[in-house]
Amino acid sequence: MPAALIFDLDGTLVDTVETRIRAWLQVFAEVGNGSTRERVAPLIGSDGKVLARRIADEAGTPIDEARAEEIDMRAGEIYGELNRDPRPLPGARELLMKLDHRSLPWAIATSSRREQVARSVAALDLPRPPTIVDGSHVAQAKPAPDLLQLAARKLGVEPSECWYIGDSTWDMLAAVAAGMTAIGVTTGSAASDDLRRAGASRVLASLDELELPGA
């Protein structure tokens, strides 16, 4: 039995990955670094500043940290405008309720900025506010382990005793770097093989498939 479970948000608990992709494509069109879904989708889930710099480099127009921050913030604004009706992914709310029923601690660790999180969390319709660590809490978001390690500290457990569940390769890389058990779900934009190569010990089609020891 893990001491705690930590979850990604977009594409893991709520069905918002396509909305994220649309927001990034729109901001890149605005700044003149037109990109494609094929280039952006694999980067969803990583630190937004890293994503902005990666696309700028591919376009042959490198940007500095300040410009990456501006683009990341603008992408968040667009996402907020587009993310009007987020939906929980299959099994998400039921699993979180089950964890509470069993008094098993859990938290959300997401690269998203704080202002982008509320609507998606509200869509889960939970009976209590969850513990959330977002991109504003750390200097480096995923694939750095900082978010996950901070979430573990907030829950009062060791990272090695945690499962981290996410839908992107960046989630798996962050979990491995944090010393957590990495569990992938193919409800986002990453394929099963990609998740395994990034360090997933198990890959599930949805959270409905997650079985807890002793259940």
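Model, not experiment: these values are computed from the prediction.

### Considering helix H4 (residues 65-82)
Moving on, step 1. Along its 18 residues, H4 runs 26 Å from first to last C-alpha, staying within 8% of the 26 Å computed at 1.5 Å per residue.
Moving on, step 2. Taken together, the buried positions of H4 are Ala 68, Ile 71, Asp 72, Ala 75, Gly 76, Ile 78 and Tyr 79. Relative to the axis of H4, the buried residues are bounded by an arc of 165° and lie together on one face.
Moving on, step 3. The opening residue of H4, the one whose side-chain oxygen lies 3.3 Å from the backbone nitrogen of Ala 66, is Asp 64.

### Points about the side chain of Asp 167
Moving on, step 1. Following the sequence through the fold, Asp 167 ends up in the loop between strand E4 (162-166) and helix H8 (169-178).
Moving on, step 2. One buried charged residue, Asp 167, remains without a salt bridge, the closest side chain of opposite sign being Lys 142 at 6.7 Å.
Moving on, step 3. Looking at Asp 167, its side chain comes within polar contact range of the side chain of Thr 12, at 3.0 Å.
Moving on, step 4. If we ignore the near neighbours within four places in the chain, the residues touching Asp 167 are Asp 8, Asp 10, Gly 11, Thr 12, Val 17, Val 185, Thr 187, Gly 188, Ser 189, Ala 190 and Leu 195.

### Description of the nonpolar core
Moving on, step 1. Ranked by internal contacts, the top residues of the largest apolar core, which has 27 residues, are Ile 6, Ala 109, Leu 147, Leu 148, Cys 162, Tyr 164 and Met 180.
Moving on, step 2. Each residue touching Ile 6, except ones within four places of it in the same chain, is listed here: Ala 107, Ala 109, Leu 148, Ala 151, Ala 152, Leu 155, Cys 162, Trp 163, Tyr 164, Ile 165 and Met 180.
Moving on, step 3. One finds Leu 5, Leu 13, Ala 92 and Ile 165 within the second-largest nonpolar core, a separate group that totals 24 residues.

### Let's talk about helix H1 (residues 17-31)
Moving on, step 1. A rise of 1.5 Å per residue sets the reference length of H1, with its 15 residues, at 21 Å; its end C-alpha atoms lie 21 Å apart and thus fit the reference within 8%.
Moving on, step 2. Among the residues of H1, those classed as buried are Val 17, Thr 19, Arg 20, Ile 21, Ala 23, Trp 24, Val 27 and Phe 28.
Moving on, step 3. Buried residues along H1 sit against helix H2 (37-40), helix H3 (48-58) and H4.
Moving on, step 4. One or two residues past the end of H1 sits Gly 32, with phi positive at roughly 85°.

Basis of the calculations
Residues numbered from 1 in each chain as written. Predicted model: local features only at pLDDT ≥ 70, side-chain atom pairs only at ≥ 80, totals over all residues. Heavy atoms only, no water. Helix = DSSP H or I, 4+ residues; strand = E, 2+ residues; numbered from the N terminus. Expected span 1.5 Å × (residues − 1). Buried < 20%, exposed > 50% of the residue type's maximum accessible area, 1.4 Å probe, protein only. Arc of directions from axis to C-beta. Polar contact = N/O pair within 3.5 Å; in protein donor to acceptor, adjacent residues only side chain to side chain. Lys, Arg positive; Asp, Glu negative; His and termini not counted. Salt bridge = Lys/Arg side-chain N within 4 Å of Asp/Glu carboxyl O. Contact = heavy atoms within 4.5 Å. Core = buried A, V, L, I, M, F, W, Y, C linked by side-chain atoms within 4.5 Å.

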